[in-house]
Amino acid sequence: MNRPRSSTGDEADRPNLNNLNANIRDEKTPRSTAPTNNDNTTTTVVASNSNKIPYGQYQIDIYFQALTAGKKPVTTTDPNKLEQQAREAMSPQGFNYVFGGAGEQATMHANRLAFRQWKVIPRMLRDTLPRNLSVKLFGKTYGTPDSPVLMAPIGVQSAYHPDAETGVAKACAALNVPFIYSTASSTPLEEIVAALEDTGGPSPPSPETEEPAPPAPADDPATAASASASAEGKDPGPARPPTSSASTLVPDPKPSRWFQLYWPVDDDITASLLSRARVAGCEVLVVTLDTFTMAWRPLDLDTGFLPFAVGEGNALGFSDSVFRQKFSDKFSTGENEAQVEDNIIAASRYWAWEVFSGHAHKWEDLATLRKLWGDRPIVLKGVLSVEDAVLAARSGVDGIIVSNHGGRQLDGAVSSLEMLPEIVDAVGDRLTVMFDSGIRTGVDVLKALALGAKAVLVGRPVIYGLGIAGTEGAKHVLASLLADVDQSMGLLGVQTVGELNRSMLRKISYSGDVKTSL
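Predicted model only: the values in this text are computed from it and were never measured.

## Quick word on the confidence of the model for the chain
Okay, step 1: Residues with a pLDDT of 70 or more make up 77% of the chain, whose mean pLDDT is 84.
Okay, step 2: Segment residues 3-13 is flagged for pLDDT under 50; beyond a separation of four residues in sequence, or across chains, it makes 30 contacts in the model.
Okay, step 3: Ignoring residues within four places in sequence, the model shows residues 201-252, a span with pLDDT below 50, making 82 contacts including any to other chains.

As structure tokens, then:
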């Protein structure tokens, strides 16, 4: 069986990804004029001087390393070949789990075909430098990411490579890409936060500018679990293999992280998870709506691969003090106090019942999440209908992610891109609308933004990079995508993300355009 390669391979054969950080601009806010969408007037463009990462430089770095030192990229830069490279490097079960979709994969194919039916219309003789890929999400409070790309929440990353979620989080931090932690992670949230803090950054924030972490409530479950584990000499979660590439990374000193929730049935457990996420500094809550039960996935069914059933992907629950206490109360007999570690199968079933019970929450239940999460943004992921988007706006949430879960849940569902323009037209003035499902290239990102998305989530390609070469592989794939976004934006004749709009697209359907890139 093929095994994932360690991320500590021959560094002499790889371009130095840290050049992205070394080449950060420090400009004096140059000003230029660029035509507006109707070309009749001009608008002033102010280039940022806030140390933004020049993502397009990575393309030059790859050429330079190859020409001067014979160094090759750690994974292919071809999005159509990346999947095959991952298939060859990963275990069959691990690859099938991330690659596979529901049913006959019709929704997966629809996602890619939708992108190919939208064509971009480039404009010429426009000033495209310096480019600014930054976007604002949820106002000034939550900052300005350096690009419109977010790392999608993907669980069970230990199935793909030992570096797992910690490796991907480090890759995201190095490129200033917000990382969305999944409820189904194989690494406890606090362990990832500690790993990022231990690694440090190129320029640690000064005491005057560093924002203090929010104090933990006296009865905070995360604090209680940690204190209890220390006092009793117990490990609150399953042991994790060490990540092997921390020394090669230079993450942002304050990387942005969000928290994705598979919404438990028990409100006490939900409260505990959200409290931990707040204490860990997660800025946004992403509530996945379309996965309250498992889908029909033939690639996993044929091999009997269900990692949650044997404890993999349950680290958040297994390390939660409230869940552990409820498990003990339910399964203890007489003087024998039940512990999660003593019966992983029973604990896995209990956790699965909480997060994949088959019982969907209702719109009125969102009030509970608002009470528990406070005034930080809440985003609903998995919205595909205009009617649900309108209900989301009425419910008081802050944003939605137009997504069909990458085709992993409902076979035969409409593509996410197909519904994006209608949803933006309906609620774009009331909600922050983001996009997920089917992103493979930089131009894909630009198409979704031009159709009205404020930010775009990427998933499978980064995990393929992780499976091939661990942390460095994930980082290379993400850096390549961002470089493609940067360069393609210039070739399109665009200087800022805000200039992207539907006039730059044409929807075309013809029989020859059926090739998909999955």
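That was the structure; now back to the text.
## Quick look at the layout of surface pockets
Okay, step 1: Roughly 470 Å³ of volume is contained in the second largest pocket.
Okay, step 2: Lining the second largest pocket are 25 residues, with Thr 77, Pro 79, Ser 480, Leu 481 and Asp 484 sitting closest to its centre.
Okay, step 3: Of all the secondary-structure elements, those providing two or more residues to the lining of the second largest pocket are α2 (57-69), α3 (79-89) and α18 (460-492).
Okay, step 4: Of the residues forming the lining of the second largest pocket, the biggest block, nine residues, is contributed by α18.
Okay, step 5: Classifying every residue of the lining of the second largest pocket gives twelve nonpolar, nine polar and four charged.

## Examining the packing of aromatic side chains
Okay, step 1: As enumerated under the stated definition, the model contains 14 aromatic pairs in all.
Okay, step 2: Relative to Phe 323, the ring of Phe 318 lies with its centre 6.3 Å away and its plane at 20 degrees, an arrangement referred to as stacked.
Okay, step 3: Residue Phe 323 is classed as buried on the basis of its relative accessible area, which comes to 0%.
Okay, step 4: Judged by centre distance (6.2 Å) and plane angle (65 degrees), the ring pair of Phe 331 and Tyr 350 falls under edge-to-face. Taken together, the positions of Phe 331 in helix α12 (residues 321-331) and Tyr 350 in helix α13 (residues 344-355) put the pair 19 residues apart, joining distant regions of the chain.
Okay, step 5: Among the residues examined, Tyr 350 registers a relative accessible area of 13% and is labelled buried.
Okay, step 6: The rings of Phe 318, Phe 323, Phe 327, Phe 331, Tyr 350 and Trp 351 are connected pair by pair, giving a single aromatic cluster.
Okay, step 7: Across the ring face of Phe 99, the terminal group of Arg 87 is positioned such that the distance to the ring centre comes to 5.4 Å.
Okay, step 8: Between Arg 408 and the ring centre of Tyr 97, over which it is positioned, the NZ or CZ distance is 5.0 Å.

## Considering the pattern of salt bridges
Okay, step 1: Throughout the structure, instances matching the rule amount to 13 salt bridges.
Okay, step 2: A salt bridge links Lys 381 to Asp 436; the shortest N-O distance between them is 3.8 Å. Within this pair, whereas Lys 381 is found in strand β8 (residues 378-383), its partner Asp 436 is found in the loop between β10 (432-435) and α17 (442-450), the two being separated by 55 residues in sequence.
Okay, step 3: Here Lys 507 and Glu 418 are joined by a salt bridge, their closest N and O atoms 2.9 Å apart. One end of the pair, Lys 507, is in strand β12 (residues 505-507); the other, Glu 418, is in helix α16 (residues 416-427), and 89 residues separate them in sequence.
Okay, step 4: We classify Lys 507 as partly exposed; its relative accessible area is 39%.
Okay, step 5: Each of Glu 190, Arg 276 and Asp 320 takes part in salt bridges that share partners, so that together they form one network.

## Here we look at unusual backbone geometry
Okay, step 1: The omega angle of the peptide bond from Leu 129 to Pro 130 is -10 degrees, so this bond is cis rather than trans.
Okay, step 2: Assignment of secondary structure puts Pro 130 in the loop between β3 (118-120) and β4 (149-151).
Okay, step 3: You will see that Val 156, though not glycine, has its phi angle at about 50 degrees, which is positive.
Okay, step 4: Mapped onto the elements, Val 156 comes out in the loop between β4 and α6 (164-174).
Okay, step 5: Positive phi is not limited to glycine here, since His 405 has a value of about 65 degrees.

## Let's talk about the packing of helix α9 (residues 267-279) against α12
Okay, step 1: Running from amino to carboxyl end, α9 crosses α12 at an angle of 150 degrees, the nearest separation of the two axes being 8 Å. Taken together, α9 and α12 sit at an angle that is classed as roughly antiparallel. Here Asp 268, Ile 269 and Ser 272 of α9 come into contact with α12, specifically with Val 322, Phe 323 and Lys 326.

## Details of empty space enclosed by the protein
Okay, step 1: Summed over all chains, the structure comprises six cavities of 30 Å³ or more.
Okay, step 2: Roughly 450 Å³ of internal volume is contained in the largest cavity.
Okay, step 3: If you trace the largest cavity, you find 31 residues lining it, with Pro 153, Ile 154, Lys 381, His 405 and Arg 408 closest to the centre.

## Section: helix α14 (residues 366-373)
Okay, step 1: Within the span of α14, buried status applies to Leu 366, Leu 369 and Trp 373. Projected down its long axis, α14 shows its buried positions confined to an angular sector of 55 degrees, all on one face. What points out from α14, more than 90 degrees from its buried face, is the exposed set Ala 367 and Lys 371.
Okay, step 2: Those residues of α14 that are buried lie in contact with β6 (257-261), α9, β7 (285-288), β8 and α15 (386-395).

## Some thoughts on the nonpolar core
Okay, step 1: Formed by 132 residues in total, the largest nonpolar core has its most connected members in Phe 259, Ile 400 and Leu 420.
Okay, step 2: Here this core takes 16 residues from α18, the largest share from any one element.
Okay, step 3: Each residue touching Leu 420, except ones within four places of it in the same chain, is listed here: Val 402, Val 433, Phe 435, Ala 448, Leu 451 and Ala 453.

## A closer look at the environment of Thr 166
Okay, step 1: Topologically, Thr 166 is positioned in helix α6.
Okay, step 2: On the accessibility criterion, Thr 166 (6% relative accessible area) is buried.
Okay, step 3: With 26 residues separating them in the primary sequence, Thr 166 and Ile 192 have C-alpha atoms 5.2 Å apart.

## Thoughts on the packing of α3 against α18
Okay, step 1: Close contact between α3 and α18 brings their axes to 8 Å; oriented N to C, the two are set at 85 degrees. For the element pair α3 / α18, the angle class is roughly perpendicular. Contacts from Leu 82, Glu 83, Gln 85, Ala 86 and Ala 89 in α3 reach Pro 461, Tyr 464, Gly 467, Ile 468 and Val 477 in α18.
Okay, step 2: When the residues that make up the contact of α3 with α18 are grouped by side-chain class, the tally is seven nonpolar, two polar and one charged.

Scoring rules and cut-offs
Residues numbered from 1 in each chain as written. Predicted model: local features only at pLDDT ≥ 70, side-chain atom pairs only at ≥ 80, totals over all residues. Heavy atoms only, no water. pLDDT = per-residue confidence, 0-100. Contact = heavy atoms within 4.5 Å. 1 Å grid on protein atoms, 1.4 Å probe; cavity = no way out; pocket = protein on both sides within 12 Å on 5 of 7 lines; lining within 4 Å. Points joined across faces, edges and corners; volume = space filled by probe spheres on them. Helix = DSSP H or I, 4+ residues; strand = E, 2+ residues; numbered from the N terminus. Nonpolar A, V, L, I, M, F, W, Y, C, P; charged D, E, K, R; others polar. Phe/Tyr/Trp six-rings, centres within 6.5 Å; stacked < 30°, edge-to-face > 60°. Buried < 20%, exposed > 50% of the residue type's maximum accessible area, 1.4 Å probe, protein only. Lys NZ or Arg CZ within 6 Å of the ring centre and 35° of its normal. Salt bridge = Lys/Arg side-chain N within 4 Å of Asp/Glu carboxyl O. Axes fitted to C-alpha atoms, helices over the stretch in contact; angles between N-to-C directions. Parallel < 35°, antiparallel > 145°, perpendicular 65-115°, else oblique. Arc of directions from axis to C-beta. Core = buried A, V, L, I, M, F, W, Y, C linked by side-chain atoms within 4.5 Å.

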